[in-house]
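Chains, contacts and geometry: an overview
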Amino acid sequence: MYSAYLLLKLVHVVAVVAFLGNISMGLFWKAIADRTGRAEIVAHTLRGIILSDRLITIPAIIVILIAGFGAAAIGGWTILGTGWILWSIVLFIIAGVAFGPVTRAQRELAELAAAGGPGLVASEPYQKLSHKWELWGTVALVAPLLALVLMVLKPTLIALHR
């Protein structure tokens with residue numbers, strides 16, 4: 001029978017896959033929708049991205065944290081004393097901070113798209129918000145990708161205590 005550590009580790013990894021997959025697909029689908037130039041497609045896509053964040057990203061964050069901390073505790077890894085865990089958490093926090101501007105821009109983009117009309121995607125307000133969404137969305141994706149690298153490679157990094 002599998003140990004609790006391995007089970008929590010598996011749940012943690014599955015949640016990370018769902019989390020990273022959903023974030024990356026959001027960036028992908030918005031780019032595809034923007035290329036159509038059609039406000040109704042952009043609005044529909046943004047509503048889908050917002051819904052997938054509620055149904056996949058946010059629950060995955062909760063599972064990542066619970067399973068990750070649980071696996072670390074059972075596995076004997078100290079959070080502050082293990083550099084790759086500590087810095088992965090720092091990167092995860094950075095992603096969380098970046099997620100705030102993403103969600104605000106996402107809602108505003110969805111409202112603009114719903115009001116829509118021809119030329120929406122090329123309009124200055126949409127472009128300005130879209131660049132903000134892409135910038136912060138990239139940070140929200142790259143930071144946890146780097147955390148994934150740390151978790152897999154487990155390099156020796158500076159920790160707060162041993």
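Residues numbered from 1 in each chain as written. Predicted model: local features only at pLDDT ≥ 70, side-chain atom pairs only at ≥ 80, totals over all residues. Heavy atoms only, no water.

**Examining the pattern of salt bridges**
The tally for this structure, following the rule as stated, stands at three salt bridges. Between D34 and K30 there is a salt bridge, with the nearest N and O atoms lying 2.5 Å from each other. Here K30 and D34 lie together in helix α1 (residues 4-36), a separation of four residues that amounts to about one turn. The class for D34 is buried, based on a relative accessible area of 14%. Measuring nitrogen to oxygen at the nearest pair gives 2.6 Å for the salt bridge that ties E40 to R38. Through salt bridges with shared partners, a single network forms among K30, D34 and E134. (Salt bridge = Lys/Arg side-chain N within 4 Å of Asp/Glu carboxyl O. Helix = DSSP H or I, 4+ residues; strand = E, 2+ residues; numbered from the N terminus. Buried < 20%, exposed > 50% of the residue type's maximum accessible area, 1.4 Å probe, protein only.)

**Details of the packing of helix α2 (residues 39-75) against helix α3 (residues 83-115)**
Between α2 and α3, the shortest axis-to-axis distance is 10 Å and the interhelical angle comes to 160°. By the angle between their directions, the pair α2 and α3 is classed as roughly antiparallel. For the crossing formed where α2 meets α3, the hand is left-handed. (Axes fitted to C-alpha atoms, helices over the stretch in contact; angles between N-to-C directions. Parallel < 35°, antiparallel > 145°, perpendicular 65-115°, else oblique. Left-handed = near helix turned anticlockwise from the far one by under 90°.)

**A word on unusual backbone geometry**
Residues other than glycine seldom take positive phi values, yet K154 does so here, at roughly 50°. Residue position: K154 is located in the segment after α4 (124-153). In this structure K154 comes out as partly exposed when scored by relative accessible area, which is 36%.

**Comments concerning the packing of α3 against α4**
In helix packing, the relevant descriptors are the interaxial angle and the interaxial distance, both defined with respect to the helix axes. Packing of α3 against α4 brings their axes to within 8 Å, and their N-to-C directions diverge by 160°. The pairing of α3 with α4 is recorded here as roughly antiparallel in orientation. Helix-helix and strand crossings are classified by hand; for α3 and α4 the assignment is left-handed. Residue composition of the contact of α3 with α4, grouped by class: 26 nonpolar, four polar and two charged. (Nonpolar A, V, L, I, M, F, W, Y, C, P; charged D, E, K, R; others polar.)

**Some points on the side chain of T57**
Note that T57 resides in helix α2. By relative accessible area, which is 0% here, T57 ends up buried. A polar contact is formed between the side chain of T57 and the side chain of N22, at a distance of 2.6 Å. In contact with T57, not counting residues within four places along its chain, are F19, N22, S52 and F99. (Polar contact = N/O pair within 3.5 Å; in protein donor to acceptor, adjacent residues only side chain to side chain. Contact = heavy atoms within 4.5 Å.)

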